[in-house]
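# Descriptive structure summary
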Amino acid sequence: MTEKPDLTCYCSVCGRTLQYGDWQSPMLTDAVWHQIVAHYALTGHEKRATEFYQRSSAPELSDRDVHTFICIGCMEKALQRRLTMADVTACPFNKEFVMEYFGFTKAEADDLCGDD
Ligand SMILES: [Zn+2]
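Rules used throughout
The numbering scheme is per chain: residues are counted from 1 as the chain's sequence reads. Selection of residues for local features in this predicted model requires a pLDDT of at least 70, selection of side-chain atom pairs for listing and counting requires 80 or more, and totals for whole chains, interfaces and linings are taken over all residues. Values of pLDDT, which run from 0 to 100, indicate the predictor's confidence residue by residue. Secondary structure elements follow DSSP: runs of H or I no shorter than four residues count as helices, runs of E no shorter than two count as strands, and numbering proceeds from the N terminus. As a rule, residues whose C-beta atom has 12 or fewer other C-beta atoms within 10 Å are exposed, those with 20 or more are buried, and those in between are partly exposed; C-beta atoms are placed from the backbone. Directions from the helix axis toward the C-beta atoms define the arc. Once C-beta atoms have been placed from the backbone, residue pairs whose C-beta atoms lie within 7 Å are recorded as contacts.

## Structural notes on the confidence of the model for the chain
Scored by pLDDT, the chain has a mean of 84; 79% of the residues are at 70 or more. Per-element confidence in the chain is highest for helix α4 (residues 72–79), whose mean pLDDT is 97, and lowest for helix α3 (residues 63–66), whose mean pLDDT is 56.

## Points about helix α5 (residues 95–102)
Those residues of α5 that fall on the buried side of the exposure criterion are Lys95, Phe97 and Val98. Along the axis of α5, the buried residues cluster in a sector spanning 165°; they form a single face. In this structure, the buried side of α5 is in contact with α6 (106–113).

## A word on the environment of tyrosine 40
Summarising the element assignment, tyrosine 40 is placed in the loop between α1 (30–39) and α2 (43–55). On the basis of neighbour counts, which here come to 17 C-beta atoms within 10 Å, the residue tyrosine 40 falls in the partly exposed class. Measuring from C-alpha to C-alpha, the distance between tyrosine 40 and serine 12 comes to 9.3 Å, with 28 residues separating the pair along the chain. The residues contacting tyrosine 40, other than those within four sequence positions of it, are Val13 and Ala78.

Here it is in structure tokens:
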């Protein structure tokens, strides 16, 4: 029996609980992501986190411990508009997001984001 890994992570802005890889924190294009990160003055956040990760002797630390996560609500607050398809990268990671958020069907999401 394999234990389900704990994938809890937190929005770096409001602190709300997310799951690593869940659709509430989609992957954005660099331009939009940087705009949001700059809005919240989080530019140094990932850098500091990476430094901490490299210094740390805790090998159990993973990507999700150091990465910046921002929830959809905080993304849209920074942009002052709703997210659009042009804001998110076309990758399998975002498949669930485009289905949940834009209401695309599984087949449409496969077309948009590519197969796993
Ligand atoms: Zn948030």
